[in-house]
2 protein chains.
Amino acid sequence: MNSKILLLAESIRKFLRRNMVPNLKNLINKAHPSDIAAAIEILKPFNREKLFKFMIEHNIEKAAEVLIELEEHLIKSILDLFDDETTAAILKLLSTDDAVAILDYIDDEEKKEKILQLIHDSEKVEEQLLYQDETAGRIMTTDFFSLNHNLTVKEAIEKLHQLEEKAEMVFYLYLVDDNQRLTGVMSLRQLLLSNPDAKLKEVMQKDIISVRVDTDQEEVARLVSQYDLLAIPVVDHDGKLVGIITVDDVIDIIKEEAAEDIYRLAGTSEEEILYKGHPFKIAKIRLPWLLPAFAGTFVVASLLDLISVKFSYFAIFVVFMPMINAAAGNIGIQSSTIMARELAVNEMEGSIWKEVFSTQFRVGVIIGILYALIAFTFSFILAKPVHLPKLIVSISVGIAMFIAIIISSVYGSFLPIFLKKMGVDPAVATGPFVAASNDILGTIIYFSVAYNIVHLLQ
Amino acid sequence: MNSKILLLAESIRKFLRRNMVPNLKNLINKAHPSDIAAAIEILKPFNREKLFKFMIEHNIEKAAEVLIELEEHLIKSILDLFDDETTAAILKLLSTDDAVAILDYIDDEEKKEKILQLIHDSEKVEEQLLYQDETAGRIMTTDFFSLNHNLTVKEAIEKLHQLEEKAEMVFYLYLVDDNQRLTGVMSLRQLLLSNPDAKLKEVMQKDIISVRVDTDQEEVARLVSQYDLLAIPVVDHDGKLVGIITVDDVIDIIKEEAAEDIYRLAGTSEEEILYKGHPFKIAKIRLPWLLPAFAGTFVVASLLDLISVKFSYFAIFVVFMPMINAAAGNIGIQSSTIMARELAVNEMEGSIWKEVFSTQFRVGVIIGILYALIAFTFSFILAKPVHLPKLIVSISVGIAMFIAIIISSVYGSFLPIFLKKMGVDPAVATGPFVAASNDILGTIIYFSVAYNIVHLLQ
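Sequence positions are assigned chain by chain, starting from 1 and proceeding in written order. The lettering of chains begins at A and the numbering of ligands begins at 1, in the order of writing. Only residues with pLDDT of at least 70 are given local features in this predicted model, and only at 80 or more are side-chain atom pairs given and counted; all residues enter the totals for whole chains, interfaces and linings. The side-chain values count all of the structure's non-hydrogen atoms but skip hydrogen atoms and water molecules.

Student: Now, about the overall build of chain A: what can you tell me, with residues and values included?
Tutor: Runs of E in the DSSP output that reach at least two residues are strands. Runs of H or I that reach at least four are helices, and both are numbered from the N terminus. When helices and strands are counted, chain A shows 22 helices and 6 strands. Only the C-alpha atoms count toward the radius of gyration. The rule for a globule is 2.2 Å times the residue count to the power 0.38. Here chain A has a C-alpha radius of gyration of 30 Å; the compact-globule value for 458 residues is 23 Å, and the former is much larger. Intrachain contacts of chain A at a sequence separation of at least 6 include 68% that bridge at least 24 residues. Residues counted as positive are Lys and Arg, residues counted as negative are Asp and Glu, and His and the chain ends are not counted. For the purpose of locating charges, the reference atoms are NZ of Lys, CZ of Arg, CG of Asp and CD of Glu. Taken as two groups, the 44 positive and 63 negative side-chain charges of chain A have centres that lie 6 Å from each other. In what follows, residue pairs with any heavy atoms lying within 4.5 Å of each other are defined as contacts.

Here it is in structure tokens:
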């Protein structure tokens, strides 16, 4: 938190406490919405409420701009303070994409319906709510600026002068034919540098990168980032221009998707943050990830039980099992992560797979030899076997370590590919469930190797 | 990989094989550099080489544009193909930030020096190489467009007309005083809508968000994303405007930092991808993460050895240990991840910490009760104890599970805060090393609880 935000929060707190209306009004008018939003994050709930009531009374535009900058859980709690009229009044001030985003936070369908009725000219918002979540249609703004491609450059500049403020960041001009179909694009700079009497369709760029209303938001982000765009136009199934998605929204998508990956790797989800103070809801999010992993450990326990009962002279090997499982598990996670990321970045061809596999295998061999030597030495020093010669125990531990590491390294690389083929996001490849399957595999390898070596050497 | 890229790669392959020069020239001229780069990723190395030699001969501008779009490991391998003159010729065609980025891939200092000498007007590049890695100064482009704030709007538009093509995406005008100090900013749209005779300093926006040459790139990304900017100006220690960073570079930073976090969580780094086919180099990257974790498992093994030798009637508990360690470990990772992300997003105040801790504690209690019941039931069914009554074993396993889960949940939330206080990136909080400390903690809790309960109940 930088000092600017801390200072802003402190001033808001003071002005609210002393009821210094003109000062607070002045502060709110001058501060950047996103700074006010950051300050609100550190205010106590009763001050947040007071501030929002104040903003709605004195500067409702700012209230709307601040609301959209807040984090999800705060938006929800602020919305609870408003009656339907206030919510509608705020939504009217927002661009359609932001209005749609806010409406999405209202779970009560009846309330949502009522608010929609209160918004004058709400058809656009209603229409947009029909698009699937996380598609271009849902996240686009319909407040964009387009011109007929038959206009001249001079006419276009005149139109720009008449433009209302609300249209989002104009730096590309999107050009359409008489049927509103997208036909070209040009930058403001190109407009400025073109012959005033030229028709737009003569100077515009006809090779346009666009998405359809049903394009997934991840694909939108990929295109904007790959082609270094500031905005991407969205067309419907007839090629009509219906909205644009700007680069700032794309940054939010990229951040959101990255956070999602990280939560998945740990076996939970971002929703957890929304449920601060609701441990039952959090437990409900976590358990689907935990329970399959937990079931996996029963298999390991049953194996250990079988071994300790049937082959009691094997008990000494149990001591070294956590060592093997942890080492193999960690290598497996490294391989899976590298592979999952490569899969996310590019789709590979057959020959590259072979290269990756062979690399991972050789890495496994190198680390395996090192680990086997360490495991051999450590178990030779520690082991006080009753039934078996010390040397046989430590040779078995070393060899089992070597094999377990190679297999984990390769299994770890294979898993994300397999998951992707099955239609599962490879990002789950290092979650708790996979850790459990690694443990089961490790235990089976370890005891099979130990059993065979003991029988071979004895 | 979309079909467009596959088709492009296929055409390149065909044209190269049949030596169809005019077709290939035409294809290269028309295709977007970033599409060619994507196609190159799936070409075989010898075709990559042939294509680059072809582009250098027939369209060196395109070669330069494609080079900068490639992934790091490919840039390195392509650079190896060029002599110093070719490299210098390509660097001359790039903007300074891109030239700096490419030069950074050349490890040989002597070669770098030679190339710099070959670049006419290389002072800018040389100067920029002096800034620290991952700072604004290093990643900015110096090919920006600025105007003296004493010019009129009309004069500014005239200057824009004379502008050379190379200056990066002009959509903001940066305004400076006679000493090149940044004094204001305006958008092209504002310029277009202002009175032609007004002085720029009368119409410009004076409240500018800028960064200094030594600002960390993460902070740059945070500012651009928070204030929805398309570019951010970079000033030196005297407030002189020296460069700009555009939003497309910020997207790259955000992606890079997200990837870095994910690699850290798994205990490895992105560099691994650069060393495909070099297993020794990969092993060297992984071992610093693996070895401390491996050492941790020796502690667990020694504890188990101690227990199995000194308290042989305890052996039955070893069977259920992997179950407890895995469950506690997974919950701990969930808590750490949530906390590490919250730390990354906002600096919290004391009262919020307490709230988070109490939530995590209560989540631990809920999951702990559930797991304790399952563990009790499972161990009661499975256990065939020799020295201890069945019920005592399963009660001990259940209680130990309950305590281990609560402690892991709280320990997991505490760890990222502790790491941050120690100046370590909290993103490492779920890496292999932490997993090992979780295992040691789990083992100690488990056997202490079991020991005490056995002695209490017997």
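Student: Give me the sheet that holds strand S1 (residues 146-148) of chain A: which residues, what numbers.
Tutor: Residue and element names in this part refer to chain A. For two strands to be treated as a pair, DSSP must find at least two bridges joining them. What the 3 strands build is an open sheet, ordered S1-S2-S3; its pairing is mixed. Of all the strands in the sheet, the pair left with one neighbour each is S1 and strand S3 (182-187). In this sheet, adjacent strand axes meet at a mean angle of 30 degrees when their direction is disregarded. Pairing of S1 with strand S2 (residues 172-176) involves 3 bridges; the strand directions are parallel. Within the sheet, the bridge partner assigned to asparagine 148 lies in S2 and is valine 176. Note on method: axes are straight lines fitted to C-alpha atoms, helices fitted across the in-contact stretch only, with angles between N-to-C directions ranging 0 to 180 degrees.

Student: Describe helix H7 (residues 84-93) of chain A, naming the residues involved and giving the relevant values.
Tutor: Here H7 of chain A has its buried residues at Asp84, Thr86, Thr87, Ala88, Ile90 and Leu91 of chain A. Where H7 of chain A is buried, its residues meet helix H4 (45-58), helix H5 (60-69), helix H6 (72-79), helix H8 (96-103) and helix H9 (109-118) of chain A. Think of it in three bands: residues with accessible area under 20% of the maximum for their type are buried, residues over 50% are exposed, and the middle band is partly exposed, with areas taken using a 1.4 Å probe on protein chains only.

Student: Can you lay out the nonpolar core for me, pointing to particular residues and giving the numbers?
Tutor: Membership of the largest hydrophobic core comes to 92 residues, with the highest contact counts inside it found for Phe317 and Phe320 of chain A together with Phe317 and Phe320 of chain B. By convention a nonpolar core is built from buried Ala, Val, Leu, Ile, Met, Phe, Trp, Tyr and Cys residues, the set being connected through side-chain atoms within 4.5 Å. In terms of nonpolar packing, the next biggest core, distinct from the first, is built from 62 residues, Val220, Ala231 and Ile245 of chain A together with Leu230 of chain B among them.

Student: Any details on unusual backbone geometry? Residues and values, ideally.
Tutor: Residue and element names in this part refer to chain A. Of note, the phi angle at glutamate 134 is positive, near 65 degrees, even though the residue is not glycine. The residue glutamate 134 is located in the loop between helix H10 (123-129) and helix H11 (136-139) in this model. The exposure class of glutamate 134 is partly exposed, given its relative accessible area of 32%. Of note in the backbone geometry, glutamine 180 takes a positive phi value of approximately 65 degrees without being a glycine. With respect to the helices, strands and loops of the structure, glutamine 180 is situated in the loop between S2 and S3. When its relative accessible area of 38% is taken as the criterion, glutamine 180 is described as partly exposed.

Student: A description of the domain arrangement of chain A should follow, citing residues and the corresponding values.
Tutor: Residues and elements named next belong to chain A. As assigned here, chain A comprises domain 1 (3-131), domain 2 (146-250) and domain 3 (274-457). Note that the domain bounds reflect an automated or database-derived domain assignment. Taken over C-alpha atoms, the centre of domain 1 sits 30 Å from the centre of domain 2. Taken together, both faces of the contact between domain 1 and domain 2 bury some 340 Å²; the carbon and sulfur share is 44%. Two parts placed together each lose some accessible area under a 1.4 Å probe, and adding up what both lose gives the buried area. The largest per-residue losses of area from domain 1 upon contact with domain 2 belong to Ser95, Asp97 and Tyr131, which jointly make up 76% of the total buried on that side. In the sections that follow, a salt bridge refers to a side-chain nitrogen of Lys or Arg positioned within 4 Å of a carboxyl oxygen of Asp or Glu. In this structure, the connection of domain 1 to domain 2 is made through 0 salt bridges. Contacts described as polar in this section are N or O atom pairs within 3.5 Å, which, within protein, must combine one atom able to donate a hydrogen with one able to accept it, while residues neighboring in sequence count only if both atoms come from side chains. At the surface where domain 1 touches domain 2, the tally comes to 0 residue pairs in polar contact (both at pLDDT 80 or more). Of the residues contributing to the side of domain 1 that touches domain 2, the split by class is 3 nonpolar, 1 polar and 2 charged. Residues are grouped as follows: Ala, Val, Leu, Ile, Met, Phe, Trp, Tyr, Cys and Pro are nonpolar; Asp, Glu, Lys and Arg are charged; every other residue, Gly included, is polar.

Student: Before we move on, could you go through the relation of the copies chain A and chain B and cite the residues and values that matter?
Tutor: The fit set for superposing copies consists of C-alpha atoms from residues with pLDDT of at least 70 in both; the fit itself is least squares. When chain A is fitted to chain B, the best match, at an RMSD of 0.2 Å, comes from turning it 180 degrees and sliding it 0.1 Å along the axis. Given the turn and translation reported, the copies of this chain are related as if by a two-fold rotation axis. When the interface residues of chain A are mapped onto chain B, 99% of them again fall at the interface, so both copies present the same face.

Student: Talk me through the UniProt feature "domain: CBS" (unreviewed entry) in chain A; I want residue IDs and the actual numbers.
Tutor: UniProt positions are given in the numbering used here, feature names are shortened, and annotations may be inferred rather than shown by experiment. Within this structure's numbering, the places UniProt gives as "domain: CBS" (unreviewed entry) are residues 140-202 and 204-260 of chain A. Secondary structure within residues 204-260 of chain A divides into 42% helix and 23% strand; the distance between the first and last C-alpha atoms comes to 39 Å.

Student: Could you give an account of the pairing of strand S3 (residues 182-187) of chain B, with specific residues and numbers?
Tutor: Residue and element names in this part refer to chain B. Here S3 lies mainly inside the structure; 5 of its 6 residues are buried. As judged from the 5 bridges shared by strand S2 (residues 172-176) and S3, these two strands associate in the antiparallel manner. Its bridge partner lying in S3, tyrosine 174 is registered against valine 185. Connecting the antiparallel pair S2 and S3 is a turn made up of 5 residues, with glutamine 180 showing a positive phi of about 65 degrees.

Student: Could you give an account of the interface of chain A and chain B, with specific residues and numbers?
Tutor: Tallying the contact residues gives 113 residues for chain A and 113 residues for chain B. Summed over both partners, the interface of chain A with chain B buries about 10000 Å², with 67% contributed by carbon and sulfur atoms. Run the count over chain A and chain B and you get 0 salt bridges. The tally of links between chain A and chain B comes to 14 residue pairs in polar contact (both at pLDDT 80 or more). Of the residues that constitute the side of chain A that touches chain B, the class distribution is 65 nonpolar, 22 polar and 26 charged.

Student: Break down the side chain of asparagine 325 of chain A for me, citing the residues and quoting the values.
Tutor: Summarising the element assignment, asparagine 325 of chain A is placed in helix H19 (residues 315-345). If we skip the residues at most four places from it in the chain, asparagine 325 of chain A touches Asp439, Gly442 and Thr443 of chain A.

Student: If you had to explain the packing of helix H21 (residues 390-421) of chain A against helix H22 (residues 432-457) of chain A to someone new, which residues and values would you point to?
Tutor: Residues and elements named next belong to chain A. Where H21 contacts H22, the two axes come as close as 8 Å, and the packing angle between them is 145 degrees. In this structure, H21 crosses over H22, and the sense of that crossing is right-handed. Across the interface between the two elements, Ile392, Ile395, Ser396, Val397, Ile399, Ala400, Ile403, Ala404, Ile407, Ser408, Tyr411 and Leu415 from H21 touch Val434, Ser437, Asn438, Leu441, Ile445, Tyr446, Val449, Ala450, Ile453, Val454 and Leu457 from H22. When the residues that make up the contact of H21 with H22 are grouped by side-chain class, the tally is 19 nonpolar, 4 polar and no charged. With the far helix as reference, a near helix turned anticlockwise by less than a right angle produces a left-handed crossing, and one turned clockwise produces a right-handed crossing.

Student: Describe the sheet that holds strand S6 (residues 241-246) of chain A, with residues and values.
Tutor: Residues and elements named next belong to chain A. The strand order across the open sheet formed by 3 strands is S4-S5-S6, and the pairing between neighbours is mixed. With partners counted over all chains shown, the strands left at the sheet margins are strand S4 (211-212) and S6, one partner each. Sheet analysis places S4 next to strand S5 (residues 231-235), joined by 2 bridges and oriented parallel. Bridging across to S5, valine 211 finds its partner in valine 234. Along the sheet, helix H15 (residues 217-226) makes contact with S4, S5 and S6, crossing S5 at roughly 135 degrees.

Student: Describe the UniProt feature "transmembrane region" (unreviewed entry) in chain A, and please don't skip the residues or the numbers.
Tutor: The feature "transmembrane region" (unreviewed entry), as annotated in UniProt, sits at residues 289-307, 313-333, 363-383, 395-419 and 431-454 of chain A in this numbering. Span residues 289-307 of chain A is 100% helix and 0% strand, its end C-alpha atoms 29 Å apart.

Student: Go over the packing of aromatic side chains with me, naming the residues and quoting the values.
Tutor: We call Phe, Tyr and Trp rings a pair once their centres come within 6.5 Å, taking the six-membered ring for Trp, and we label the pair stacked below 30 degrees between planes, edge-to-face above 60, and tilted otherwise. Counting across every chain of the model gives 20 aromatic pairs over all chains. With a centroid separation of 6.1 Å and 55 degrees between ring planes, the pair formed by phenylalanine 52 of chain B and phenylalanine 82 of chain B is classed as tilted. Here phenylalanine 52 of chain B is found in helix H4 (residues 45-58), whereas its partner phenylalanine 82 of chain B is found in the loop between helix H6 (72-79) and helix H7 (84-93), with 30 residues between them in sequence. Each member of the pair phenylalanine 52 of chain B and phenylalanine 82 of chain B is classed as buried. The ring of phenylalanine 380 of chain A has lysine 390 of chain A lying over it, and the distance from NZ or CZ to the ring centre is 5.5 Å. We count a charge as sitting over a ring when the NZ of a lysine or the CZ of an arginine lies within 6 Å of the ring centre and within 35 degrees of the ring normal.

Student: Could you give an account of the pattern of salt bridges, with specific residues and numbers?
Tutor: Following the criterion strictly, the structure yields 18 salt bridges over all chains and no others. As a salt-bridge pair, aspartate 84 of chain A and lysine 111 of chain A come within 3.0 Å of each other at their nearest N and O atoms. Of this pair, aspartate 84 of chain A sits in helix H7 while lysine 111 of chain A sits in helix H9, and the two are 27 residues apart along the sequence. Across the pair glutamate 109 of chain B and lysine 112 of chain B runs a salt bridge whose closest N-O atoms are separated by 3.6 Å. Placement of the pair is glutamate 109 of chain B and lysine 112 of chain B together in helix H9 (residues 109-118), with a separation of 3 residues, close to one helical turn. By relative accessible area, lysine 112 of chain B is classed as buried at 11%.

Student: Which residues make up the packing of helix H2 (residues 21-30) of chain B against H4 of chain B, and what values go with them?
Tutor: The relative placement of two packed helices comes down to the angle between their axes together with the axis-to-axis distance. All names here are of chain B. At a closest axis distance of 11 Å, the pairing of H2 and H4 adopts a crossing angle of 80 degrees. If you check the angle between H2 and H4, you find them roughly perpendicular. Between H2 and H4, the residues in contact are Val21, Leu24, Lys25 and Ile28 and Leu51, Phe54, Met55 and His58, respectively. When its residues are assigned to classes, the contact of H2 with H4 shows 6 nonpolar, 1 polar and 1 charged. For classification purposes, an angle smaller than 35 degrees is called roughly parallel, one larger than 145 roughly antiparallel, one from 65 to 115 roughly perpendicular, and anything else oblique.

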